[in-house]
Amino acid sequence: MMPDGAGYPYGPLTVQIDAGDPAGAQHLLDQLGAIDPALVILFGSPREALAPLAAALRQALPDCRLAGCSSAGEIGPQGYCNGKVVAIGFPRATFRAEIEVLRDLAHIPVSQWMAQLRRRHADFAGDRDRAQFGLLFSDGLAGKEEVLTATIEAALPAMPVLGGSAGDALEFTRTCLIADDEVASDIAVFVMVETVLPVSEVTFAHFSPTQTRAVVTAAIPEQRIILELNAEPAAEEYARLTGIPEAALTPTDFARHPLLLRMGRRHHVRAIRARTDCGGLSLMSAIDVGTVLTLGRAEDLTHGFAGAMEALPRRPLMVLGFDCILRRLALERAGLLDAMSDLFARYNIVGFNTYGEQHSAMHVNQTFVGLAVLPPPGSP
């Protein structure tokens, strides 16, 4: 069914199913087929559920483009959920889409990627009066989001791009990406979308910097691992700075006390994924020796979110949301998961929990990034 409050017949349609439902593919087709989608995006876990659903959709809807990825959790029409598949259909009457797969992440063939993107965009060129945007889904375990976002920005500087890194619950074992008939790891999927409907980006973070700073004095940048902070073993020094015993550190503690990198006037999270066996800290974003980091403090996780949504010009038909899994963990610990789910449902926010978010040519963590699809001006 159409998200509550959509009110416009050509907005996106969201359908949620249980990942293990044997009739799930048919349910998706029954709902999505009715809108003649130009594009369907799938998010879900476990990852094994996605390939058969993708195959069924492609067979029944051969003229529809298909993209998506495995998730660390889902956001359905009623908010946060797990073990679900969320499908979002974009009607052909109001949307047009094209897909480009960026391969060989291990070797970073930037020149090849840029040539691919420029050719695809030249072929995709349409009505300049229509909104265009890009969606990026990347393997969240490949660790190449920074170079991907920089490459896309260099190749397509006029196109707003946002996205999320594919997840694997909290297993950090293997993710999967969907691009039409292909379901694979170690790739990035870039979707170009054009629509007659207005769109607007929304971002929200819930942290603030403290006065506590630390310098990265040893690291393995290619693996996103900090070995030392302030010339001390990284996990030991982090524990001292936060006042939490090193042996007691959990993903939730990392979410509540993030490390922040200042760029310009803003601080961006360099989220900690785990403590390594050698006493280092494994991060979810790029890091290098000499980087000065600030210890962050989590604020009220829901305060201000409704205000950010109300600042949109009109109530959204749908908001495609990319929400860091660490935000969800922090909400769970604070007992605010239901409150945030209620906000998601109120503003028609659907999407998935990520291993990282992309917007404004940056890869960030512990942030909500969304693209709001709005009704036309003057519509009821």
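The following paragraphs examine the structure supplied in this document.

**Focus on the overall build of the protein**
Consideration 1: Broken down by element type, the protein carries 9 helices and 26 strands.
Consideration 2: Computed over the C-alpha atoms, the radius of gyration of the protein is 20 Å, within 12% of the 21 Å expected from 2.2 N^0.38 for a compact globule of 380 residues.
Consideration 3: Principal axes of the C-alpha set define a box for the protein whose edges measure 60 × 45 × 40 Å.
Consideration 4: The buried share among the 380 residues of the protein stands at 57%.
Consideration 5: Surface exposure of the protein reaches about 14900 Å², of which carbon and sulfur atoms provide 50%.
Consideration 6: Averaging the positions of the 31 positive and the 43 negative side-chain charges in the protein gives two centres separated by 5 Å.

**Observations concerning helix α5 (residues 234-242)**
Owing to its 3.6 residues per turn, the α-helix aligns residues three or four sequence positions apart on the same side.
Consideration 1: The element α5 is extensively covered by neighbouring structure, given that 7 of its 9 residues are classed as buried.
Consideration 2: Along α5, the residues classified as buried are Ala234, Ala235, Glu237, Tyr238, Ala239, Leu241 and Thr242.
Consideration 3: Following α5 by one or two positions, Gly243 has its phi on the positive side, about 80 degrees.

**Section: helix α3 (residues 110-124)**
Consideration 1: With 15 residues, α3 should reach 21 Å at 1.5 Å per residue; the first-to-last C-alpha distance of 21 Å fits that figure.
Consideration 2: For α3, every residue scored as buried is listed here: Trp113, Met114, Gln116, Leu117 and Phe124. Buried residues along α3 cover an arc of 160 degrees about the axis, so they all sit on one side. Facing away from the buried side of α3, by more than 90 degrees, are the exposed residues Ser111, Arg119, Ala122 and Asp123.
Consideration 3: Residues of α3 that are buried sit in contact with β7 (95-102), β8 (131-139), α4 (145-155) and β12 (188-195).

**Here we look at the pattern of salt bridges**
Consideration 1: Using the criterion set out here, one finds 19 salt bridges in the structure.
Consideration 2: Between Arg47 and Asp168 there is a salt bridge, and its shortest N-O distance comes to 3.0 Å. You can see Arg47 sitting in the loop between β2 (37-44) and α2 (50-60) and its partner Asp168 sitting in the loop between β9 (161-166) and β10 (177-179), a full 121 residues away along the chain.
Consideration 3: Between Glu145 and Arg224 there is a salt bridge, with the nearest N and O atoms lying 2.7 Å from each other. Of the two residues, Glu145 is situated in helix α4 and Arg224 in the loop between β14 (207-220) and β15 (225-229); the sequence distance between them amounts to 79 residues. Exposure class is identical for Glu145 and Arg224. Each is buried.
Consideration 4: Each of Arg58, Arg65, Glu98, Glu100, Arg120, Asp180 and Asp181 takes part in a single network of salt bridges with overlapping partners.

**Description of the nonpolar core**
Consideration 1: Judged by nonpolar contacts, the single largest core of 34 residues is most densely connected at Phe43, Leu135, Phe137, Val189 and Val191.
Consideration 2: Here the element with the most residues in this core is β7; it accounts for 4 residues.
Consideration 3: Leave out the neighbours within four places in its chain, and Val189 touches Ala67, Ile99, Glu100, Leu135, Leu136, Phe137, Leu177, Ile178 and Ala179.
Consideration 4: One finds Phe204, Leu312, Leu343 and Leu374 within the second-largest nonpolar core, a separate group that totals 31 residues.

**Some words on the side chain of Thr302**
Consideration 1: Within the secondary structure layout, Thr302 lies in the loop between β21 (292-298) and α7 (305-310).
Consideration 2: What makes Thr302 buried here is its relative accessible area of 18%.
Consideration 3: In contact with Thr302, not counting residues within four places along its chain, are Leu331, Leu336, Met340 and Leu343.

**Examining the pairing of strand β23 (residues 349-354)**
Consecutive side chains of a regular strand alternate in pointing toward one face of the sheet and then the other.
Consideration 1: Of all 6 residues making up β23, 6 are buried, and the element is well covered by its neighbours.
Consideration 2: The sheet contact formed by strand β4 (residues 74-76) and β23 spans 2 bridges and is antiparallel. Looking across to β23, one finds that Glu74 is bridged to Phe352.

**So, the sheet that holds strand β26 (residues 367-373)**
Consideration 1: Strand order in the open sheet formed by 6 strands is β5-β4-β23-β22-β26-β13, and the pairing between neighbours is mixed. Among the strands making up the open sheet, the edge pair consists of β5 (79-81) and β13 (199-205). Averaged over neighbouring strand pairs, the angle between their axes works out to 20 degrees when direction is ignored.
Consideration 2: When β4 meets β5, the two strands line up antiparallel, connected through 3 bridges. Residue pairing in the sheet places Gly76 in a bridge with Gly79 of β5.
Consideration 3: In the packing of helix α9 (residues 337-346) onto the sheet, the strands contacted are β4, β5, β22 (318-324), β23 and β26, and the crossing angle to β5 comes to about 125 degrees.

**Some thoughts on unusual backbone geometry**
Consideration 1: Across the junction of Ser45 and Pro46, the peptide omega takes the value 0 degrees, indicating a cis bond.
Consideration 2: The backbone of Asp186 shows a phi angle near 60 degrees, a positive value even though the residue is not glycine.
Consideration 3: Summarising the element assignment, Asp186 is placed in the loop between β11 (182-184) and β12.
Consideration 4: Residues other than glycine seldom take positive phi values, yet Gln366 does so here, at roughly 55 degrees.
Consideration 5: Along the chain, the position of Gln366 falls in the loop between β25 (362-364) and β26.
Consideration 6: Note on Gln366: relative accessible area 0%, which makes it buried.

What counts and how
Residues numbered from 1 in each chain as written. Predicted model: local features only at pLDDT ≥ 70, side-chain atom pairs only at ≥ 80, totals over all residues. Heavy atoms only, no water. Helix = DSSP H or I, 4+ residues; strand = E, 2+ residues; numbered from the N terminus. Rg over C-alpha atoms; globule rule 2.2 N^0.38 Å. Buried < 20%, exposed > 50% of the residue type's maximum accessible area, 1.4 Å probe, protein only. Areas by Shrake-Rupley, 256 points an atom, 1.4 Å probe, with all protein chains shown as cover. Lys, Arg positive; Asp, Glu negative; His and termini not counted. Charge placed at Lys NZ, Arg CZ, Asp CG, Glu CD. Expected span 1.5 Å × (residues − 1). Arc of directions from axis to C-beta. Contact = heavy atoms within 4.5 Å. Salt bridge = Lys/Arg side-chain N within 4 Å of Asp/Glu carboxyl O. Core = buried A, V, L, I, M, F, W, Y, C linked by side-chain atoms within 4.5 Å. Pairing = 2+ DSSP bridges. Axes fitted to C-alpha atoms, helices over the stretch in contact; angles between N-to-C directions.

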